[in-house]
Amino acid sequence: RIASMENAIGRLSAAAAVPAASMANLAPVESLSGYGDNMITLKGGSFMMGNPVFPDGAPVHQVTVQNFQLGATEVDSGLYQLVVEWAIQEGHAKIQNGELVLAAPGGKKLCYPDQKPYRVESGRLVMGVTSEMPVTGITWYGAVAFCNWLSLIHGLSPAYDLATWEWDRRSNGFRLPTSAEWEFAARHGGKSQKYPWGDAAPLIGGKPAANTGAYSGPRTAPSNRSRSSVKVSRRPVNGWAALTSFG
């Protein structure tokens, strides 16, 4: 998933900031101007960021984040397809040798070649999962390009320069959450807890609270983990602001 501005990951998470990407129901591109309606505003604050258990989580240090907005769920496959098809029609992206790339010369590939969430049929993208599933296999470059395109659809200023890949902090468009914002939200407002939902094992109401990805246990064995993605909004909320962007 996209957990921060610094990391390129597999699952595209809700974009953050002012305004930020929302997880509204699938709608025609021309009606996406109201797509920010389901954004959740999170009150900022100070918290101890990091975890000494992980090399890249140390040292633990105090961080303060301002109020920001975060999409209530991950970006689903249906929305991703609509926005990307709009970008292709508008000349921002193209399909080249079966790969989705930026239209600029030497354009970056926007998805991992071995994890593409789509296939190409008659020059069009066909997503590999239903529209309610979270989109996966997106590179960091693909994620920031998606944010920019969603901003343009809304008539907002793009947050990223796709030539330098720098974040324009003056922009009012959609962007990815920073590492601090993501951790603050995932930790229920910066609380010292193991998981977004608390300290309990990742099983809430008999349902898996997280996707562990490469879990190798037998399918028939009791488990508090799921081995694959599920539809957005199907995970238990984290108990704070009704977010289901985690897991």
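A few points on the structure. (Residues numbered from 1 in each chain as written. Predicted model: local features only at pLDDT ≥ 70, side-chain atom pairs only at ≥ 80, totals over all residues. Heavy atoms only, no water.)

**A short note on the environment of Lys-94**
(1) Moving on: Locating Lys-94 in the fold gives a position in strand S5 (residues 93-96).
(2) Moving on: Look at Lys-94 and you get partly exposed, because its relative accessible area is 33%.
(3) Moving on: It is 9.2 Å that separates the C-alpha atoms of Lys-94 and Ala-104, two residues lying 10 residues apart in sequence.
(4) Moving on: Setting aside anything within four residues of it in sequence, one finds Lys-94 in contact with Ile-88, Glu-99, Leu-100, Val-101, Leu-102 and Ala-103.
(5) Moving on: A distance of 3.3 Å separates the side chain of Lys-94 from the side chain of Gln-96, its partner in a polar contact. (Helix = DSSP H or I, 4+ residues; strand = E, 2+ residues; numbered from the N terminus. Buried < 20%, exposed > 50% of the residue type's maximum accessible area, 1.4 Å probe, protein only. Contact = heavy atoms within 4.5 Å. Polar contact = N/O pair within 3.5 Å; in protein donor to acceptor, adjacent residues only side chain to side chain.)

**Observations concerning helix H2 (residues 140-153)**
(1) Moving on: In a regular helix each residue adds 1.5 Å, so 14 residues correspond to 20 Å; H2 covers 20 Å between its end C-alpha atoms and thus fits that length.
(2) Moving on: For H2, the buried fraction is high: 12 of the 14 residues fall into the buried class.
(3) Moving on: The complete set of buried residues in H2 reads Trp-140, Gly-142, Ala-143, Val-144, Ala-145, Phe-146, Cys-147, Asn-148, Trp-149, Leu-150, Ser-151 and Ile-153.
(4) Moving on: Lining the buried residues of H2 we find helix H1 (77-89), S5, strand S6 (99-102) and strand S9 (160-161).
(5) Moving on: Positive phi shows up at Gly-155, right after H2, with a value of about 75°. (Expected span 1.5 Å × (residues − 1).)

**Things to note about the environment of Val-83**
(1) Moving on: Inspection of the secondary structure puts Val-83 in helix H1.
(2) Moving on: Assessed through its relative accessible area of 0%, Val-83 is described here as buried.
(3) Moving on: Considered as a pair, Val-83 and Cys-147 are 64 residues apart in the sequence and their alpha carbons are 9.5 Å apart.

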